[in-house]
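Structural description and commentary
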Amino acid sequence: MIDRAEEKLRVSCSNGRSDRDQSTTRASMLLLLFALCCALPRAWAEPGAGLRTWTRFARLPYPADKAFLHDTFPSSFAWAAGTAAYQVEGAWQKDGKGKSVWDTFTRGGARVLTGDVGSDSYHNVRADVRALSQLGVTHYRFSLSWPRIFPDGDAAGARNARGVQYYRELLRELRDIGVQPVVTLYHWDLPDSLQRRYGGWNSSALVGLFARYADFCFSTFGDDVKLWITMDNPFVVAWHGYGTGVVAPGVKGDPDMPFRVGHHLLKAHAAAWHLYNERYRAKQGGKVTIALASHWIKPSSTRLESHQACQCSLDFVLGWFARPLFVDGDYPPCMKRNLTHRLPSFTKEERAYVNGTADFFALSHGPALSFQLINDSLRFGQTEDLDLRMLLYWVDAEYNNPPIFVVESGWFVSGNTKTKDAKHMYYLKRFIMETLKAIRFDKVNVVGYTAWSLLDGFEWYREYGIRRGLFYVDFNSEHLTREPKTSALFYSKLIEKNGFPELPENRPAVGVFPCDFAWGVAANSIQVETTPTQFVDPSVYIWNISDNGKLKRLESVQIPVHRMRHCADYAAIRQQVSEIQAMHVSHFQFSLNWSSVVPTGQISEANNTLLSYYHCFVSELQRANIIPVVTLWHHTGKLSSLPAPLEANGGWQSDETVQAFADYARLCFRRLGAHVKLWITLNEPNEEGLCYAVGHQLLRAHALAWRVYDNEFRKSQGGKASLVLHMDWVEPAFSFSREDVAPANRVLDLRVGWFAEPIFGAGDYPPVMRSWLQQRNTIDLFNYHLPTFSEEDRQLVKGTYDFFAISHFTTSMVYDGVEDKYLYKDSLEVQMISDVTWIMSPRRNSPVVPWGLRKALNWVNSHYKGVPIYVMANGVQEDTARFRDSLRVYYLYNYINEALKAYMLDGVNLKGYFAYAFNDQRDPGFGMYGNVQEEVIVKDSLNHYRNIIDHNGFPAPNSPAQQCLHTPDHCPVCQVLAKQPVVGFISLVGSSVLITLGLVIYYGAKRHK
């Protein structure tokens, strides 16, 4: 068997080599054929070798393995687009065409729409070819309509000359633009006469009928066709055409019929392959195969049984047809065990006849199966997935490394979507990326990729409810005009570049931050325990040795304590400061709790115990050379963080609350300001969902608090104050025109500019924001009223900052279409979307997109040139049980590297970076310290972050250490010694003598007493 296969490959390769002297218009075809025929298997794998796929991929490094790969495809790689005859041709009764089973099926039952017109490709050959030319593809996959060529289905009868002429014209047009055809003989549209006369594929008579039809096609079109596909996705035909009845011909009721149909389909394919091999291959030099489709499946557990169930699922769908062709001419053992006598059997001669009848592996992947046409029973209790890369690896391992041509791949959008098909575009990007990884990382021999489909058309049992085309077809126009979608523009650019070549901005930056860069860690709050330790505890304890061995306090027994309390007496403070110190950070940012500090809202009734605790905390931080960064008010979404009386009196909409905040700020500045040099008035007041009237009051509250610090405390305390704005980046989903960028700019103006422009800019809301909301007010029932600043308030708010601080976590994309109503923002009229190639975090809609931080920093810098910027919170959520938090390690490295690019390459005045968060106890899932019961666990991310801090960035290997000059503290005596050394020396000696005399007199008098 091996000898026969190798002999075929040698013959094929020699044919390929002789063809290389042909004209340049066929060069790409020859490269592909050479790849298809000359790729000898690495090793003959044992049957079932695909079982190792799940174990292998589970061991790959996460999340690095999921990161985007910047690379290109092999130079001989084939880029294609495809269609199927019934979906696009139309002209169902024109020029002598006979009925297909789909013509009959769509007129029965509850079905409403038909493919009678489709995309009318029968009358639009040149428009279709023009679309292919615009894409720049090397290959075009299309199918012949069996009943258009033979209306009665039997090639022994009369053929339809006009139908033949239509395909000859199409092939001639393709030849003129240098696009190679990939022709499918049968894509589900069986002549209806054969279904009525024989029962369709349930009859073995179809084997001979199909062979005669194939013979005619090979002889008539074979000189122009070098890649043939006998039939598309026989699984759908057998299982759903003759089992579930979901697709034509819609037969159901006999549970054994799908397996008989599959048996006949395999024999028909083998007959066509042998016919070509014996009569046409030597002259025409083409290749013949069958297109097999599959879903992907992932195990529900790591147990071997789950992996075997996944293997069985793939065997029932893909292996059903692939194993007989590529392995041993027989069905997979899993099918034989489960179906026993229900599954037809091959004789020894039939196995030999069927085996090896595929010159390459044509793989279909996408929504035709995944999540739509796989029954629960075929999942075997496992979970369906969309991983094309793993499927390619499985095929490679299971079927002895065949050359693989992906002959159908893509996704879909709703039937109402026109040219802005972002969802389709990003799924296309994902599948192409997975194909590239399979080639580069897994060494799978993938030779081509086909985007499905070229045009919008009739989508089988989904009718016109979805669209899959790269080109939009206006079904209501007279000539069914074609227009390229965003997916077409993307695909053409990708073909032009042959993949995703690396750009300079994709490479990690090498360098360091400035010496005075602030390295910090952020926490929403700190642990507060106002009871001091045993050093100031007057109680008496005894060991309870007869019971549990714990200390037992004696009631009503106390001893006098003469020792004064110290801040270090608080165990919670000691522990937290020690843990912060171990991170090597220079700054620590946390929030006060207004409602706890001033429960009634009246500063005269402040909680002095809590204030003293906060005072101790910041003073102990300072003693440890850590600069405290204190937030006065932290927005907590729907949970109120205001003192209860103020919340009851209208909350932030009340002027009383605004003034009370200024009074609260004054109290905190006075009590804590000696140890705090960086103040945050409001943290993330611009969170989504806050009404504009409340936002207006928050701006006034911030401004009043900032003015209090500026007028009353700055001179004596020397600190700085500002607010933190939430600023996740918003990227245009596509940017092929100026109009594509407008939705993203609108979102940034209404989310960030809302607070930034009044403070850092002109003292008023962004003009885009005001005009947009005025327009919405006239057409909506919702209240989008934006308050107006009085001149007094404008002057109050404008310029109330010392730095620009942002919290940044993720990136999203927007465009002005409607695809998913759950992610559509009505107030902004934008559709939110994520690039499905991004690494996803456990938090919903929070992918890991490091370059988004750099873009956010550049946005701030471009709007408010030169402003000092702090990243006050940046982090990712991960399972609290994962102490080896590889996702957070990846996140911190790459986000900080993007921050370095903003500083080094873009000239952003970046002053500091704060990782979020300190520990899981206060910020579950975000911490770099974890907890198991009462034990504190240092996660991997903490060690990696500390390493970055210790190196002040990412210095080049073997580069000298960064030299930082430290400014000495203010020292009057030192200045005198430096300027007047003689006077200074005499003064120093005189002072020493006086101190010595004083000590002698003191101790002499004490001894005398």
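This section reports on the structure supplied with the text. (Residues numbered from 1 in each chain as written. Predicted model: local features only at pLDDT ≥ 70, side-chain atom pairs only at ≥ 80, totals over all residues. Heavy atoms only, no water.)

**Overview of the overall build of the protein chain**
Across its full length, the protein chain carries 34 helices and 36 strands. Burial analysis of the protein chain (1009 residues in total) assigns 56% to the buried set. For the protein chain, the proportion of contacts with a sequence separation of at least 24, taken over those separated by at least 6, is 77%. (Helix = DSSP H or I, 4+ residues; strand = E, 2+ residues; numbered from the N terminus. Buried < 20%, exposed > 50% of the residue type's maximum accessible area, 1.4 Å probe, protein only. Contact = heavy atoms within 4.5 Å.)

**Comments concerning helix α32 (residues 940-950)**
All of the buried residues along α32 are Ser941, Leu942, Tyr945, Ile948 and Ile949. Each buried residue of α32 sits inside an arc of 125° when the element is viewed along its axis, so together they form one side. Where α32 ends, the next residue or the one after it, asparagine 952, has phi of about 55°, a positive value. (Arc of directions from axis to C-beta.)

**Things to note about the sheet that holds strand β29 (residues 830-833)**
The 4 strands lie next to each other as β25-β27-β29-β28, forming an open sheet whose pairing is mixed. The sheet is open, and its two edges are formed by β25 (729-732) and β28 (824-825), each paired on a single side. Looking at chain direction, β25 and strand β27 (residues 811-815) are connected through 4 bridges and run parallel. Among the inter-strand pairings, tryptophan 729 is bridged to a residue of β27, identified as threonine 811. Helix α27 (residues 738-760) rests against β25, β27, β28 and β29 of the sheet, and its axis sits at about 165° to β25. (Pairing = 2+ DSSP bridges. Axes fitted to C-alpha atoms, helices over the stretch in contact; angles between N-to-C directions.)

**Here's the deal with the pairing of β27**
Burial analysis of β27 places 5 of its 5 residues in the buried class, which makes it a mostly covered element. Burial of β27 is two-sided: the residues Thr811, Met813 and Tyr815 facing one way and the residues Ser812 and Val814 facing the other way are all buried. Two strands pair when backbone bridges link them, and β27 and β29 are joined in this way by 3 bridges, in the antiparallel orientation. Its bridge partner being in β29, tyrosine 815 is matched across the sheet by glutamine 831.

**So, the side chain of glutamine 717**
Mapped onto the elements of the fold, glutamine 717 is located in helix α26 (residues 714-717). Among the polar contacts made by the side chain of glutamine 717, one reaches the main-chain carbonyl oxygen of phenylalanine 669 at a distance of 2.9 Å. Apart from residues no more than four positions distant in its own chain, glutamine 717 is found in contact with Phe669, Gly673, Ala674, Lys677, Trp679 and Tyr709. (Polar contact = N/O pair within 3.5 Å; in protein donor to acceptor, adjacent residues only side chain to side chain.)

**Quick look at the packing of aromatic side chains**
With the rule as written, the count across this model stands at 89 aromatic pairs. Arranged with centres 4.9 Å apart and planes meeting at 80°, the rings of phenylalanine 73 and tryptophan 79 form a pair that is edge-to-face. Looking at tryptophan 79, the relative accessible area reads 2%, which means it is buried. Note on tyrosine 916 and phenylalanine 926: the rings are 5.1 Å apart at their centroids and 55° apart in plane angle, and the pair reads as tilted. With tyrosine 916 in strand β33 (residues 910-916) and phenylalanine 926 in the loop between β33 and β34 (929-932), this pair connects stretches of sequence that are 10 residues apart. (Phe/Tyr/Trp six-rings, centres within 6.5 Å; stacked < 30°, edge-to-face > 60°.)

**Regarding helix α11 (residues 234-244)**
The periodicity of an α-helix, 3.6 residues per turn, causes residues three or four places apart in sequence to face the same way. Within α11, 9 of the 11 residues are buried, which leaves it mostly tucked inside the rest of the structure. Here α11 has its buried residues at Pro234, Phe235, Val236, Val237, Ala238, Trp239, His240, Gly241 and Tyr242. Those residues of α11 that are buried are in contact with β4 (180-186), α9 (192-198), β5 (227-232), α12 (257-279), β6 (287-293) and α14 (304-326). Phi for glycine 245, located one or two positions after α11, is positive at around 80°.

**A closer look at the environment of alanine 271**
Mapped onto the elements, alanine 271 comes out in helix α12. Classification of alanine 271 by relative accessible area gives buried; the value is 13%. With 60 residues separating them in the primary sequence, alanine 271 and alanine 211 have C-alpha atoms 6.0 Å apart. The contacts of alanine 271, once residues within four sequence positions are left out, are Val207, Ala211 and Tyr353.

**As for the pairing of β33**
Most of β33 sits out of view: 6 of its 7 residues are buried. The handedness of the strand β32 (residues 869-874) to β33 crossover, carried by helix α31 (residues 886-904), is right-handed. (Right-handed = clockwise from strand over helix to strand, strands pointing away.)

**Considerations on the state of the cysteines**
Taken as a whole and assessed by the stated rule, the structure comprises 3 disulfides. Residue cysteine 312 pairs covalently with cysteine 334 via a disulfide, S to S 1.3 Å. Within this pair, whereas cysteine 312 is found in helix α14, its partner cysteine 334 is found in helix α15 (residues 333-339), the two being separated by 22 residues in sequence. Classification of cysteine 312 as buried rests on a relative accessible area of 9%. Owing to a relative accessible area of 4%, cysteine 334 belongs among the buried residues under this scheme. Disulfide pairing places cysteine 567 opposite cysteine 616 at an S-S distance of 2.2 Å. One disulfide, between cysteine 567 and cysteine 616, carries an S-S torsion of -70° and so falls in the left-handed class. Residue cysteine 567 is found in the loop between β20 (551-558) and α20 (571-582), and its partner cysteine 616 is found in helix α22 (residues 608-623); the two are separated by 49 residues along the sequence. (Disulfide = S-S within 2.5 Å.)

**Considerations on the environment of glycine 465**
Tracing the chain through its elements places glycine 465 in the loop between β12 (446-452) and β13 (466-467). Owing to a relative accessible area of 44%, glycine 465 belongs among the partly exposed residues under this scheme. Not counting residues within four places of it along the chain, the set of residues in contact with glycine 465 comprises Ser414 and Gly415.

**A word on the pattern of salt bridges**
Scanning the entire structure with this criterion turns up 51 salt bridges. Across the salt bridge formed by arginine 56 and aspartate 442, the nearest N and O atoms sit 3.1 Å from each other. Highlighted residues: arginine 56 in helix α3 (residues 53-58) and aspartate 442 in the loop between α18 (422-440) and β12, separated in sequence by 386 residues. Judged by relative accessible area, which is 4%, aspartate 442 ranks as buried. (Salt bridge = Lys/Arg side-chain N within 4 Å of Asp/Glu carboxyl O.)

**Some remarks on the layout of surface pockets**
Here the second largest pocket is characterised by a volume of approximately 1500 Å³. Lining the second largest pocket are 42 residues; nearest its centre among them are Phe68, His70, Lys429, Asn506 and Trp851. Elements with a contribution of two residues or more to the lining of the second largest pocket: α18, α19 (486-497), β16 (499-500), β25, α30 (851-863) and α31. Across the lining of the second largest pocket, the residue classes tally to 23 nonpolar, 7 polar and 12 charged. (1 Å grid on protein atoms, 1.4 Å probe; cavity = no way out; pocket = protein on both sides within 12 Å on 5 of 7 lines; lining within 4 Å. Points joined across faces, edges and corners; volume = space filled by probe spheres on them. Nonpolar A, V, L, I, M, F, W, Y, C, P; charged D, E, K, R; others polar.)

**Section: the sheet that holds strand β21 (residues 587-591)**
If you trace the 8 strands once around the closed barrel, you get β18-β21-β22-β23-β24-β26-β32-β33, paired in parallel fashion. For this sheet the average axis-to-axis angle between neighbouring strands, irrespective of direction, equals 25°. Across 5 bridges, strand β18 (residues 518-522) lies against β33 in parallel orientation. Within β33, the residue paired with tryptophan 519 across the bridge is tyrosine 913.

**As for unusual backbone geometry**
The omega angle of the peptide bond from tryptophan 452 to serine 453 is 0°, so this bond is cis rather than trans. For serine 453, the location among the structural elements is in the loop between β12 and β13. Note the cis peptide between tyrosine 916 and alanine 917, where omega equals 20°. The topology assignment puts alanine 917 in the loop between β33 and β34. For glutamate 684, which is not glycine, the phi dihedral falls at a positive 55°. Topologically, glutamate 684 is positioned in the loop between β23 (678-683) and α25 (692-712). Among the residues examined, glutamate 684 registers a relative accessible area of 9% and is labelled buried.

**Section: the environment of tryptophan 320**
Mapped onto the fold, tryptophan 320 is located in helix α14. We classify tryptophan 320 as buried; its relative accessible area is 0%. Sequence separation of tryptophan 320 and leucine 292 is 28 residues, and the distance between their C-alpha atoms is 9.8 Å.

**Section: the packing of helix α6 (residues 125-135) against helix α8 (residues 161-176)**
The geometry of α6 relative to α8 is characterised by a closest axis approach of 10 Å and an angle of 30° between their N-to-C directions. Put simply, α6 runs roughly parallel to α8. Both α6 and α8 take part in a crossing whose hand is right-handed. Along the contact surface, α6 presents Val125, Arg126, Val129 and Leu132, while α8 presents Tyr166, Glu169, Leu170, Glu173 and Leu174. (Parallel < 35°, antiparallel > 145°, perpendicular 65-115°, else oblique. Left-handed = near helix turned anticlockwise from the far one by under 90°.)

**Points about the packing of α18 against α19**
Following both chains from N to C, one finds α18 and α19 inclined at 30°, their axes separated by 8 Å at the closest point. Between α18 and α19, the angle falls in the class roughly parallel. Across the interface between the two elements, Ala422, His424, Met425, Leu428, Lys429 and Ile432 of α18 pack against Thr486, Ser487, Phe490, Tyr491 and Leu494 of α19. Partitioned by chemical class, the residues of the contact of α18 with α19 number 7 nonpolar, 3 polar and 1 charged.

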